[in-house]
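Each chain, written out:
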Protein chains: 2
Amino acid sequence: MEAKTAATIFEVLASEPRLSIFRLLVKYAPDGLVAGEIARMLDIPKTNLSFHLKTIVHSGLASMEREGRNTRYKANIPLMLETVAYLTTECCSGNPELCLSFRAESGVAPEFLPSRCEDRKP
Amino acid sequence: MEAKTAATIFEVLASEPRLSIFRLLVKYAPDGLVAGEIARMLDIPKTNLSFHLKTIVHSGLASMEREGRNTRYKANIPLMLETVAYLTTECCSGNPELCLSFRAESGVAPEFLPSRCEDRKP
DNA sequence: ATGATTATTCAATAACTATTGAACAATAGC
DNA sequence: GCTATTGTTCAATAGTTATTGAATAATCAT
């Protein structure tokens, strides 16, 4: 993943309304939700919701498709995983042993941490 | 990690200059770099660099310490790992099987993907 | 002390992002 | 065809973030 792409994705996740929208889409994956449902669930005015959804779709983190008069939005989970991988790669590149030692100290449960980045091949 | 904290961190990573700075600090972990070195390496005016470094430090993604007339900045790798964990959790919450299947299909090498999120306990 | 080096703060401006109500377009049901 | 429903686009405004040069502070070397 290129840095520019990554920055665009982080820009989406950097706004609280957008992060909420995305989390909701992940929760309702793989079917997703239509705009009206999102607006109701998060209590965001529809016009502002459209604005944010446009940004999210533009980043690639969600897809949209028309369904009659509704528009259905679905989270792009592979792209989210690629983003996770990007951050992990940043961590490991050049510093595998560091990554390993920090993982051991961090208070985060092991099953939520990236695995085996310290084993990767150069 | 709270959503608000995550949003702050994503805000840091959402700007290209800041993402470059952070990547550089990760690359030079654990010793970090002093401001002047960063400015030279990335060709960012020092006054603008200060501005961005302040944001990064405020988010917690880097620490700063004076060294004579230099200021040394170091990446906070554990916080980056927590952020990775947060994204992973978002992905998996409610959808472990989905996460698993997408991981299998994704073109990303397994050692760069979050592991065993599908095994986590509720 | 003086001058050179390093980095931050300040102030001004530029650029961008968010929010909202009103207008508009498209579809569905009668 | 009309009306209600669903969503998007537009325009105006508000708010926030980025960038820069000039001024300032702190340290080091002589």
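Conventions we followed
- Residues numbered from 1 in each chain as written.
- Chains lettered and ligands numbered in written order.
- Predicted model: local features only at pLDDT ≥ 70, side-chain atom pairs only at ≥ 80, totals over all residues.
- Heavy atoms only, no water.
- Helix = DSSP H or I, 4+ residues; strand = E, 2+ residues; numbered from the N terminus.
- Buried < 20%, exposed > 50% of the residue type's maximum accessible area, 1.4 Å probe, protein only.
- Contact = heavy atoms within 4.5 Å.
- Areas by Shrake-Rupley, 256 points an atom, 1.4 Å probe, with all protein chains shown as cover.
- Pairing = 2+ DSSP bridges.
- Axes fitted to C-alpha atoms, helices over the stretch in contact; angles between N-to-C directions.
- Near = heavy atom within 4 Å.
- Polar contact = N/O pair within 3.5 Å; in protein donor to acceptor, adjacent residues only side chain to side chain.
- Nonpolar A, V, L, I, M, F, W, Y, C, P; charged D, E, K, R; others polar.
- Parallel < 35°, antiparallel > 145°, perpendicular 65-115°, else oblique.
- Left-handed = near helix turned anticlockwise from the far one by under 90°.

Asks: Help me get a handle on the overall build of chain A, residues and values and all.
Replies: Helices and strands together make up the secondary structure of chain A, namely six helices and three strands. Secondary structure elements of chain A occur, N-terminal to C-terminal, as α-α-β-α-α-β-β-α-α. Expressed as a percentage of the 122 residues in chain A, the buried residues total 48%. A separation threshold of at least 6 residues defines the contact pool for chain A, and within that pool the share at least 24 residues apart is 49%. Accessible area of chain A: about 6200 Å², with a carbon and sulfur share of 51%.

Asks: Tell me about the sheet that holds strand β3 (residues 70-75) of chain B, and please be specific about residues and values.
Replies: Residue and element names in this part refer to chain B. Spatial ordering of the open sheet is given by β1-β3-β2, a layout of three strands whose pairing is antiparallel. Each having just a single partner strand, β1 (33-34) and β2 (62-67) make up the two edges of the open sheet. Helix-sheet contacts for helix α2 (residues 16-27) involve β1, β2 and β3, and the interaxial angle to β3 is about 85°.

Asks: A description of the protein's contact with DNA strand C should follow, citing residues and the corresponding values.
Replies: Neighbouring residues of DNA strand C: 19 residues in total, closest A:Thr47, A:His52, B:Ser50, B:Asn70 and B:Tyr73. Here, DNA strand C places atoms within 4 Å of the protein, and 62% of those atoms are sugar or phosphate. With respect to DNA strand C, the side chain of B:Lys46 contributes an N or O atom lying 3.5 Å from a base nitrogen. Interatomic distance of 3.2 Å between a side-chain N/O atom of B:Arg69 and a base oxygen of DNA strand C. No other element matches the four residues that helix α4 (residues 46-59) of chain A contributes to the surface near DNA strand C. Taken together, the residues of the surface near DNA strand C sort by class into five nonpolar, nine polar and five charged.

Asks: Could you give me a rundown of the sheet that holds strand β2 (residues 62-67) of chain A, with the residues and numbers involved?
Replies: Residue and element names in this part refer to chain A. Taken in spatial order, the three strands line up as β1-β3-β2 in an open sheet, and their pairing is antiparallel. For this open sheet the edge positions go to β1 (33-34) and β2, each flanked by a neighbour on one side alone. With six bridges joining them, β2 and strand β3 (residues 70-75) adopt antiparallel strand pairing. Paired with Glu67 across the strands is Asn70, a residue of β3.

Asks: An account of the packing of helix α1 (residues 3-13) of chain A against α2(B) is requested, with residue identities and associated values reported.
Replies: One way to put it is that α1(A) packs onto α2(B) with a least axis distance of 10 Å and a crossing angle of 115°. Judged on the interaxial angle alone, α2(B) and α1(A) are roughly perpendicular. Handedness of the α1(A)/α2(B) crossing: right-handed. Contacts between α1(A) and α2(B) involve A:Ala3, A:Lys4, A:Ala6, A:Ala7 and A:Phe10 on the former and, on the latter, B:Glu16, B:Leu19 and B:Arg23.

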